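Listed here are the chains, written in short residue letters.
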Amino acid sequence: MLKPQQNEFRELLSLDGLWHFEVVNETYHDDISWTQRVSSKRQVPVPASYNDIFLDTDTRDHVGWVKYQRRVRVPASWAGKRYFIRCDAATHTGRAYINEKLVAEHEGGYTPFDFELTELVNAGGESQLTVAVSNELTFETIPPGKIDILEDGRKKQTYLHDFFNYSGLARSVWLYALPKSYIADATITTAVDWNQNLGSIKYQIETCSDPSGSGTDGRVIVKDEDGNAIAEAEGFHGSIDIPNPHLWQPGAAYLYDVVVELRSSSDNSVIDHYHISTGIRTIEVRGAQFLLNNRPFYFTGFGKHEDSPIRGKGHDTAYMVHDFELMNWLGANSFRTSHYPYAEEVLEYADRQGIVVIDETAAVGLNLGVTSGRFGYKAPNTWEQYNEKTRAAHERGIRELIARDKNHACVVMWSIANEPASHEEGAREYFEPLVDITRKLDPRPICFANIGMATSEKDLISDMFDVLCLNRYYGWYENCGDMRLAETHLQADLMSWQKKYGKPIIMTEYGADTIAGLHSAGVTPWSEEFQAKLLDLYHRVFDRVDAVIGEQVWNFADFQTSLLVFRVDGNKKGIFTRDRRPKAAAQVLRQRWRVQGKGE
Ligand code: GCB
């Protein structure tokens, strides 16, 4: 699961660019057609969701498979190495073929998969790479969805989240080479003994050995930010002391370079190495406080989305850096990767910038009551509709998220679901094993984002989690436009959680849809004034409730949704428009977080 790197032992080539592209017609199913040559007349950029690239709605709203194809040449100089391809994401199911051979299949649209080419293509040789991608969501996938057949025979995908089901190869694809014996995985955890001001870096290395090669040893070297080696240790696992550590702090990141080495036992020569940027910091939930480096931390920031015009969920470095600049301008110190794991580059950048991340799985929409409530019919019990396969997919999602992101200093908590039906019978049985698995995999605190209908009296699972993350829409979905009722209800709600659990509370969603440029002296919903005033109201209430240790506004920017009568070209709860222009509410946040220093 280690992200590929380039160094003197490892090679890395990008396969990004234009790929040949075809929407798969439902009628072909035999194996040959999957790998037939795709015409070069239609090409699509990678990385990008394909939906908004073209102008026809048949492509945009296609339900099922599409094919991406290109030629891949393995450099002749890679002879004697092992080489692989990695798709950083294929949303939601990916199948890879080398020439006619199926070589990989992966479910889960936001985590990577790799496959080996060594035995299939000679160094110096060329082959055809086809990646088929399906966007279908069912009751057995995460996130879940449902496919109906329309009266004219077309498939229609519905799902239980509002963001648009962007599909395709939205992240990079890589060709990379490793030495025959290599470092397969490394897990780093850090601790600090506050009495002695002594930091420690614990490590565990997994290797993959060449059966015909000599034995191997592990070694770890820690370098400071200036590149000076300051400590080292021998062995595949151990702990390294760092006296007077330079801490990774929110807003002031410091990253040690942990160099993991694989050496030959016979002559001690280095066979492979891998660099892990490591921040030394501690995380602890104590009573109703969230301690970062032994000091109470207050989260300010957003629920975000990977979403931008034209490229959909395609990773874009320019948007990423600009988004972080905007967050910094407001004084935001954190965000949640609502509602799926984001591109790894985003976490690397958050590590570097000292931005705190709540890292979420793609388990959004495990709640049949949400839409039915809105349309006024009674939904069946959620947990009777989902089954063991849903839970297995959810478990895989948790495992892959933690395997991918465990070494990031920025990740301070795992969110294992957004707005599940935590108040319906069966929720506890569904979540208990998932909580156990998450805790076994990693020591970080865990949470899920709670929906308003699962009140403190009705919710059945919150005692199993470390932090209460609440999504609330008083003044918008409830008591729309009524600021007085919104304030009373919000306060009563927060107080009831504080009283019942005594755990820290983060408001992980609050906000109102707002049309940029719509103004109203009477402060009516949808206007910029209303959004600004509503945020003020929430902040007043947060400051009255001791257990509230964070506020993340919904959403950082406007984003595209599926077609719904109450969404005009998307969800407009952004503090920024989709092209990142600030609405008036940005000044409310800037005043509170940057000028008054809430969260510092
Ligand atoms: C929610 C969801 C989020 C939606 C938001 C809204 O509770 O968690 O995904 O976008 O409400 O604006 O409706």
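What you are looking at is a predicted structure, and each value in this text was computed from that prediction instead of being measured. (Residues numbered from 1 in each chain as written. Predicted model: local features only at pLDDT ≥ 70, side-chain atom pairs only at ≥ 80, totals over all residues.)

### What about the overall build of the protein chain?
Link 1 in the chain: When its secondary structure is counted, the protein chain shows 11 helices and 30 strands.
Link 2 in the chain: Computed over the C-alpha atoms, the radius of gyration of the protein chain is 25 Å, within 12% of the 25 Å expected from 2.2 N^0.38 for a compact globule of 600 residues.
Link 3 in the chain: Its C-alpha atoms give the protein chain principal-axis dimensions of roughly 75 × 70 × 45 Å.
Link 4 in the chain: Residue pairs in contact within the protein chain that sit at least 24 positions apart in sequence constitute 70% of those at least 6 positions apart. (Helix = DSSP H or I, 4+ residues; strand = E, 2+ residues; numbered from the N terminus. Rg over C-alpha atoms; globule rule 2.2 N^0.38 Å. Contact = placed C-beta atoms within 7 Å.)

### Points about the nonpolar core
Link 1 in the chain: Val131, Leu169, Val357, Ile505 and Leu589 are the most contacted members of the largest nonpolar core, which has 144 residues in total.
Link 2 in the chain: Considering every element that reaches this core, the biggest residue donor is helix α10 (residues 528-542), with 7 residues.
Link 3 in the chain: Here isoleucine 505 is in contact with Leu468, Leu470, Leu494, Trp497, Gln498, Ala547, Val548 and Ile549, once residues within four sequence places are set aside. (Core = buried A, V, L, I, M, F, W, Y, C linked by C-beta atoms within 7 Å. Buried ≥ 20, exposed ≤ 12 C-beta atoms within 10 Å, placed from the backbone.)

### Describing the sheet that holds strand β14 (residues 198-208)
Link 1 in the chain: The strand order β13-β14-β17 describes an open sheet built from 3 strands, whose pairing is antiparallel. Each edge of the open sheet is held by one strand with a lone partner, namely β13 (182-193) and β17 (237-243). With direction set aside, neighbouring strand axes in the sheet form an average angle of 20°.
Link 2 in the chain: Of the pairings in the sheet, the one linking β14 to β17 comprises 7 bridges and is antiparallel in character. Opposite glutamine 204, over in β17, you have histidine 237 as the bridge partner. (Pairing = 2+ DSSP bridges. Axes fitted to C-alpha atoms, helices over the stretch in contact; angles between N-to-C directions.)

### Observations regarding the site of the ligand
Link 1 in the chain: Surrounding the ligand, one finds His161, Asp162, His339, Asn418, Glu419, Asn471, Glu509, Trp554, Asn571 and Lys573.
Link 2 in the chain: A class-by-class count of the residues in the shell around the ligand yields 1 nonpolar, 5 polar and 4 charged. (Near = placed C-beta within 6 Å. Nonpolar A, V, L, I, M, F, W, Y, C, P; charged D, E, K, R; others polar.)

### Points about helix α7 (residues 388-405)
Count 3.6 residues to each turn of an α-helix, and residues three or four apart come out pointing the same way.
Link 1 in the chain: Spanning 18 residues, α7 covers 26 Å between terminal C-alpha atoms, matching the ideal 26 Å at 1.5 Å per step.
Link 2 in the chain: Within α7, burial applies to Thr390, Arg391, Ala393, His394, Gly397, Ile398, Glu400, Leu401, Ile402, Arg404 and Asp405. (Expected span 1.5 Å × (residues − 1).)

### Some remarks on the confidence of the model for the protein chain
Link 1 in the chain: Taken as a whole, the protein chain shows an average pLDDT of 95; of its residues, 98% reach a score of 70 or greater.
Link 2 in the chain: The complex model carries a pTM of 0.98, and its ipTM stands at 0.99. (pLDDT = per-residue confidence, 0-100.)

### Some points on the packing of helix α9 (residues 483-501) against α10
Link 1 in the chain: The N-to-C vectors of α9 and α10 enclose an angle of 35°; their axes lie 10 Å apart at closest approach. Where α9 crosses over α10, the two elements pack in a sense that is right-handed. Note on element contacts: α10 touches α9 through Lys533, Leu537, Tyr538 and Val541, opposite Met483, Ala486, Glu487, Leu490, Gln491 and Leu494.
Link 2 in the chain: Partitioning the contact of α9 with α10 into residue classes produces 7 nonpolar, 1 polar and 2 charged. (Left-handed = near helix turned anticlockwise from the far one by under 90°.)

### Regarding unusual backbone geometry
Link 1 in the chain: Note the cis peptide between threonine 91 and histidine 92, where omega equals 10°.
Link 2 in the chain: Along the chain, histidine 92 falls in the loop between β5 (82-87) and β6 (93-98).
Link 3 in the chain: Omega for the peptide link from serine 338 to histidine 339 comes to -5°, which places this bond in the cis form.
Link 4 in the chain: Counting through the fold element by element, histidine 339 comes out in the loop between β24 (334-336) and α4 (344-353).
Link 5 in the chain: Positive phi, normally seen in glycine, also occurs at valine 523, with a value near 55°.
Link 6 in the chain: Residue position: valine 523 is located in the loop between β29 (505-509) and α10.

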